[in-house]
Amino acid sequence: MIAEAGLAALWLAAALAILQLFLAFGPSRVRTLAAEPVRSIAIVEGLLTLFAMAMLMWVFERTDLSVILVAENSHSAKPWLYKVAGAWGNHEGSMLLWVTILGLAGAAIAIFSRRLDKKTLTAALGAQGALALGFFAFLLLSSNPFARLDPPAFEGRGLNPLLQDPGLVFHPPTLYFGYVGLSVAFSLAVGALITGRVDSALAKAMRPWVLGAWIMLTLGITAGSYWAYYELGWGGWWFWDPVENASLMPWLAATALLHSINVLAARDSLRAWTVMLAMIAFSMSMVGTFLVRSGVLTSVHAFAVDPKRGTVLLALLAFYVGSAFVLFALRSGKLSEGPRFELVSREAALVGNNLLLTVILGIVFIGTLYPLFVEAATGAKLSVGAPYFNAVAGPLALMLAVLVCVGPLLNWKAGSGEKLKRLAVPALVGATVLLIAIVAIPEGGALPKAGLGVAAMLSIAAFLPLLGRKLRRTPLSTWGMVVAHFGIAVALAGMAASTMLTKEVLTAARPGEQVQVGPWLIEFESVTPTAGPNWTALEAELRASRGSGVTVLRPQARYYTSPPTETTESAIATVLSGQLYTVLGKPAEDGRWQLRLWWKPFVTFIWLGGALIALGGALSLGGRAWRGWRRERER
Amino acid sequence: MRNLRFLPLALVALVVAALVWRLANPPDTDVQSAMVGQPVPAFTAPAALPGKPTLSTADLADGRAKLVNFFASWCVPCVGEAPVLAMLKQQGVPIVGIAVRDRPADLLQFLSDNGDPFERIAFDPESRTQLAFGSAGVPETFIVDGHGIIRLQHIGPIEPGDLPGLVKAVKDAQ
């Protein structure tokens, strides 16, 4: 009954989406009356999808093997947490989570965006209903998560062991909240294009959603990067894998949108551009979903793929993105240009930010799809890897980071360059660090060294907007900006330092032997068998020391029974100045074991920086929400 | 400038077209050996079993085109492939085997369970010969002509449906 209840909720929600669509875009007599009913419908629809998702999590929690999805992806011996999170560790459940967040986003617009004019809100909810309807149809007709299995299976096939990790609990939902949260910006942009009201009120209505989605995307990407780093045992934190790029592209678009939306909100400029970015951001989310779900690109994320479903998804994608940009092509010409601004002004700096981000987005996009275009055109097979992305996008990203030092110091409209003098100190520090890096570090190319210099400069410059302000009176959103920009400096420093200073040792050693990696002396003590709830493992004991004190690391080679899979579980020791990363490999015939050891200085800064960037976003969102709430109360 | 408004739409159309093409032409993930068309790599290998001759580079250039089958006793698809190899042998196709990462006792058991179509079997305990052929897994089969040139690579088990094509390919290689 649980599964049927979930299925019924999905069908009901789909029916409501049709109604929503009809009310929002139907005959004009209907539309004038639609504002209130459409809002209520959106809210109920959101609750129904949430209910369906809860039912799916429940059947997974119970390991109800009469549900095909559970039988194929779960197992009774799995730890509780992974049973529940396993609900979205497969295609159908993952799509249901996607749709659930889409439904909740629709409900959230209906509840929170009441200050927007009624027509635009109704049109936006209509657009959201149209989006939801397509994905409901996709779920119900080709990916039903609640389908039954008769007779029930005796035991489930189990979850891919690489997914049996706290990362599964955190990474997909945050990323999806980010991906699908951008649908709100998309729908609002479509609504505003239909009614022709692209103005600062729209920007203010859109901003919290963009900010919220962007925070989630930032967290999701950061968490995913760390998960891949420790789980896959390659010791890298970004692989320029197509699916990673698929999450980076919406983030780049959302970051650009986040900045251009401020121009629209404060100065009523960049109208068409902001609307286009809002559409691009969510289009990139859909492209990302498509790339992951269809498996058209070779990727480490090549689980749960199905080309047939890919066809349906592609049709949906082409329809939504295509219609949105047809609308843009037809309507954006009618939008008047906003007020003009000077070359030295905050607007201009933000335009620079947008241009750089868009170009980086283009670079990632082309790099990701280039092999596909080439093969379609000439039949030649090739792959585009890190050298391209680093060489082409890297310098632009550094330019952007320099611009981040400058932009916040400029005034709106026509800024005097007066405050720019404050940059003298950070610039000097940055140049010094760059010089030291060039002299003291023989390894690594020019890019990471420049990165270190820029990071040093930004780490000070990020705080300059606070100079001369009363700190307690400074709005939270300004603090948010400062923290996020400082986070960029931290992440950049981590990327640059770990790229240049990482020490890697790949060796075969007998228990009792010692290995030196970077400043660490590692004693290989023993290899012993051990076991967990649904795996057995060989576990090495490594005693690492540098100078004083001993840290014990226990990397494992695990054997999962259901399904039978071997995985490596790296063991990582985190200290202030970096991480020692150890992997146990295969035994050789002569009693030696393969060991892979890395010393990665400052690598943790990458994810710390990511977390700071997200925290900055959260401060800004919280500050704006608080101010909005207080203003509301004063009335 | 006005026409720039259509630029995003054009880009969308281009990308969708490329993705449609990809869905219609799924990627071929098999890695073909670069050795096809080349002489077989030089190798020497110990005999796998007493009483069964081993295989070396010279044996593959004895004037007869033949199948070189990489297999292993621990390989489940190889069990499925065994009857098809027997049929090939009945049709007069010479077959030699290379046992990858195997143990003599297991190999003997495998041959007595599933039949032994092989004229010669070489032992490849560390996959060196297999890698030299540019093969990535088992079972995999190469057609080598009478002069020791690799003519064709078949990745995965040979299915009954592949028989006519392979027999013809061996005849052509002759």
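Residues numbered from 1 in each chain as written. Chains lettered and ligands numbered in written order. Predicted model: local features only at pLDDT ≥ 70, side-chain atom pairs only at ≥ 80, totals over all residues.

A. Here's a closer look at the overall build of chain B. Scanning chain B for helices and strands turns up 5 helices and 5 strands. Each helix (α) and strand (β) of chain B, taken in turn from the N terminus, gives the series α-β-α-β-α-β-α-β-β-α. Relative to the compact-globule value of 16 Å for 174 residues, chain B shows a C-alpha radius of gyration of 21 Å, a clear excess of over 25%. Across the 174 residues that make up chain B, the buried fraction comes to 32%. Sequence-distant contacts, at least 24 apart, represent 75% of the contacts inside chain B between residues at least 6 apart. (Helix = DSSP H or I, 4+ residues; strand = E, 2+ residues; numbered from the N terminus. Rg over C-alpha atoms; globule rule 2.2 N^0.38 Å. Buried ≥ 20, exposed ≤ 12 C-beta atoms within 10 Å, placed from the backbone. Contact = placed C-beta atoms within 7 Å.)

B. Summary view of unusual backbone geometry. Cis geometry is adopted by the peptide bond preceding Pro151 of chain A, which originates at Asp150 of chain A and carries an omega value of 0°. Along the chain, Pro151 of chain A falls in the loop between helix H6 (118-142) and helix H7 (166-195). Here the amide bond leading from Val138 of chain B into Pro139 of chain B is cis, since omega sits at -10°, within 30 degrees of zero. You can see Pro139 of chain B is positioned in the loop between helix H4 (128-132) and strand E4 (140-144). Phi is positive for Thr63 of chain A, close to 50°, though the residue is something other than glycine. With respect to the element layout, Thr63 of chain A can be found in the loop between helix H2 (28-61) and helix H3 (68-73). Look at Thr63 of chain A and you get partly exposed, because 18 C-beta atoms sit within 10 Å. The phi dihedral of Ser127 of chain B is positive, around 65°, even though this residue is not glycine. Turning to its location among the elements, Ser127 of chain B is positioned in the loop between strand E3 (121-124) and H4.

C. How the structure looks around the packing of helix H9 (residues 242-267) of chain A against helix H12 (residues 346-378) of chain A. Residue and element names in this part refer to chain A. Look at H9 against H12: their axes get within 9 Å of each other, and the N-to-C directions meet at 160°. It follows from the interaxial angle that H9 and H12 lie roughly antiparallel. The handedness of the crossing between H9 and H12 is left-handed. When its residues are assigned to classes, the contact of H9 with H12 shows 13 nonpolar, 9 polar and 2 charged. (Axes fitted to C-alpha atoms, helices over the stretch in contact; angles between N-to-C directions. Parallel < 35°, antiparallel > 145°, perpendicular 65-115°, else oblique. Left-handed = near helix turned anticlockwise from the far one by under 90°. Nonpolar A, V, L, I, M, F, W, Y, C, P; charged D, E, K, R; others polar.)

D. Highlighting helix H3 (residues 104-114) of chain B. Residues and elements named next belong to chain B. Along H3, the positions that sit buried rather than exposed are Leu107, Phe110 and Leu111. Each buried residue of H3 sits inside an arc of 95° when the element is viewed along its axis, so together they form one side. Turned more than 90 degrees away from the buried face of H3, the exposed residues are Ala105, Gln109, Ser112 and Asp113. Gly115 sits one or two positions beyond H3 and adopts a positive phi of about 90°. (Arc of directions from axis to C-beta.)

E. Inspection of the sheet that holds E3 of chain B at higher detail. All names here are of chain B. Taken in spatial order, the 5 strands line up as E3-E2-E1-E4-E5 in an open sheet, and their pairing is mixed. The strands lining the two open edges of the sheet, one partner per strand, are E3 and strand E5 (150-155). With direction set aside, neighbouring strand axes in the sheet form an average angle of 20°. In terms of strand pairing, E4 meets E5 through 5 bridges, oriented antiparallel. Pairing of Phe142 across the sheet is with Gln153, part of E5. (Pairing = 2+ DSSP bridges.)

F. Spatial organisation of the environment of Leu356 of chain A. Here Leu356 of chain A shows up in helix H12. Setting aside residues up to four positions removed in sequence, Leu356 of chain A forms contacts with Leu396, Met399, Leu400 and Leu403 of chain A.

G. Inspection of the interface of chain A and chain B at higher detail. Taken together, the 21 residues of chain A in the interface contact 16 residues of chain B. Only helix H10 (271-294), helix H11 (307-331) and H12 of chain A provide two or more residues apiece to the side of chain A that touches chain B. Split into classes, the residues belonging to the side of chain A that touches chain B amount to 14 nonpolar, 7 polar and no charged.

H. Quick peek at the domain arrangement of chain A. Once the domains are mapped, chain A shows domain 1 (1-164), domain 2 (417-501 + 613-634) and domain 3 (504-602). For domain 2 of chain A versus domain 3 of chain A, the distance between C-alpha centres works out to 36 Å. (Domains from an automatic or database assignment.)

I. Spatial organisation of helix H1 (residues 7-24) of chain B. All names here are of chain B. In this model, H1 (18 residues) spans 26 Å end to end at C-alpha, consistent with the 26 Å of a helix rising 1.5 Å per residue. Regarding H1, the residues found buried are Pro8, Val12, Leu19 and Arg22. In an axial view of H1, the angular spread of the buried residues amounts to 85°, which keeps them on one side of the axis. Turned more than 90 degrees off the buried face of H1, the exposed positions are Ala10, Leu14 and Ala24. (Expected span 1.5 Å × (residues − 1).)

J. Seen up close, the sheet that holds strand E8 (residues 571-575) of chain A. Residue and element names in this part refer to chain A. If you trace the 4 strands from one edge of the open sheet to the other, you get E1-E10-E9-E8, paired in antiparallel fashion. With one partner strand each, in any of the chains shown, strand E1 (503-509) and E8 form the two edges of the open sheet. The average undirected angle you get between the axes of adjacent strands in this sheet is 15°. Inspection of the sheet shows E1 paired to strand E10 (residues 593-601) by 7 bridges, in the antiparallel sense. Counterpart to Leu506 in the pairing with E10 is Arg596.

K. Local environment of the packing of helix H15 (residues 446-461) of chain A against helix H16 (residues 476-501) of chain A. Residues and elements named next belong to chain A. Running from N to C, H15 and H16 point in directions that differ by 155°, and their axes come no closer than 8 Å. Between H15 and H16, the angle falls in the class roughly antiparallel. With respect to the hand of their crossing, H15 and H16 are arranged in left-handed fashion. Every residue of H16 that contacts H15 at Pro448, Gly451, Leu452, Val454, Ala455, Leu458 and Ser459 is listed here: His485, Phe486, Ile488, Ala489, Leu492, Ala493, Met495, Ala496, Ala497, Thr499 and Met500. Here the residues of the contact of H15 with H16 are counted per class, giving 14 nonpolar, 4 polar and no charged.

L. Main features of the pairing of strand E1 (residues 66-71) of chain B. Residues and elements named next belong to chain B. For E1, a buried count of 6 out of 6 residues is recorded, marking the element as mostly surrounded by other parts of the structure. Of the two faces of E1, the one lined by Lys66, Val68 and Phe70 and the one lined by Leu67, Asn69 and Phe71 are each fully buried. As paired elements, E1 and strand E2 (residues 95-100) share 5 bridges and run parallel to each other. What sits directly across from Asn69, in E2, is Gly97.

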